[in-house]
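If you want the building blocks of each chain, they are given just below.
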Amino acid sequence: MPKSPKQHVPQSVDQIRRGRNRVLALSLGAFVILIFFISIAKMG
Amino acid sequence: MTMTSPTPAAAAANPPLPADWRDLIALTKPRVMSLVIFTGLCGLLAAPQHIHPVLGFTAILCIAMGAGGAAALNQWWEADIDAGMKRTAQRPLPQGRLDRTTARDFAGVLCAASVFLMGVAISWLAAAILAISIVYYAVVYTIWLKPRTPQNIVIGGGAGAFPPLIGWVAATGHISAMPVVLFAIIFMWTPPHFWALALYVKTDYAKVGIPMMPVVAGERSTRRQILVYAILLLPLSALPWWLPGDEHAGAIYGVSALVLSSAFLGFAIRVGLRERTGPDDAMKPEKQMFAYSILYLFALFAALVVDRFIPL
């Protein structure tokens, strides 16, 4: 069956975990920065 | 091409891999979400009060997270139905690339976080409307209406109509006539938009037992109803131009709405007055109408924002 363009290439468990951890870390970092800027905006 | 889903035996033999982040993103229906974000942003920008850019960004982020969470709940609930439909069989859950518990937990966290952040950072009224929209889509539409009545998309269409209302309330802190009219426009747009699609994927819906209008009432009735909704949408889309008070839109929006809605009606007339020529009918007018309906909503709301910033 031809692959749909939406499907990504299967990876190993380690690669998947690493990718997820990286995205989670980035999301948390962005969230903390957002909370900081929201606080500044609310104070203003 | 046939789609295959992993059987329970195969799934037991090959336990699923941990969820890839791209599958979690796919769970949020990013393409649908783009329209939700855009209409929410337009509601926020078209509001008479200005909002701090950081708070505006946060409001849109909350709308996106809420819509994504509701979409993920929808896919979690409908995983078995999706597996039986060609259009949806490639989604992560029917493909077995994601387990249902992860999908449910991810959806729950997104929904709760979006409502909480909206309440704390923006306003609890906007958060309450966001929560209502999530429950409306995930429970009222997905669980209750969709498997029971051919009017599912008529009533359930309200779920997709909330974003401009939420955006407006995030900016102003209150509900007024304009965001209610914007809600009504999307509400009226949803049935012809969705039924154009349902006409050419009718067999898929019939196969999984979902009572979509073309399956239950037949194609002729659905085509007539598409036409009726498109006729009603024409004056409704121009209503923001005629609203009393200082909230009303200007001529840029009004003329754009009349032109765009007339073209929408043109597509609806083509679909409404034709019949399927046979099993090999490519359903081109229906596909064109579905594609135009998406462009229509983008263009209509873009015109509203342009009109707000360049008043004539």
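Above this text sits the structure in question.
Residues numbered from 1 in each chain as written. Chains lettered and ligands numbered in written order. Predicted model: local features only at pLDDT ≥ 70, side-chain atom pairs only at ≥ 80, totals over all residues.

Caption draft 1: Representation of unusual backbone geometry. Residues and elements named next belong to chain B. Backbone geometry at Lys29 places phi at a positive 50 degrees, although glycine is not the residue there. Mapping Lys29 onto the fold places it in the loop between α2 (21–27) and α3 (30–46). The backbone of Met283 shows a phi angle near 55 degrees, a positive value even though the residue is not glycine. Met283 gets classed as partly exposed once you count the C-beta atoms within 10 Å, which come to 18. (Helix = DSSP H or I, 4+ residues; strand = E, 2+ residues; numbered from the N terminus. Buried ≥ 20, exposed ≤ 12 C-beta atoms within 10 Å, placed from the backbone.)

Caption draft 2: Examining the nonpolar core more closely. Residues and elements named next belong to chain B. Leu44, Met118, Ala126 and Leu130 are the most contacted members of the largest nonpolar core, which has 99 residues in total. The element best represented in this core is helix α10 (residues 177–200), accounting for 15 residues. Shared between two domains, this core takes at least three residues from each, and those domains are domain 1 (18–175) and domain 2 (176–312). (Core = buried A, V, L, I, M, F, W, Y, C linked by C-beta atoms within 7 Å. Domains from an automatic or database assignment.)

Caption draft 3: Inspection of the environment of Gly19 of chain A at higher detail. Among the structural elements, Gly19 of chain A can be located in helix α1 (residues 13–43). Assessed through the 16 C-beta atoms surrounding it within 10 Å, Gly19 of chain A is described here as partly exposed. Taking the C-alpha atoms as reference points, Gly19 of chain A and Phe31 of chain A, 12 residues apart in sequence, are found 18 Å from one another. Each residue touching Gly19 of chain A, except ones within four places of it in the same chain, is listed here: Asp20 and Trp21 of chain B. (Contact = placed C-beta atoms within 7 Å.)

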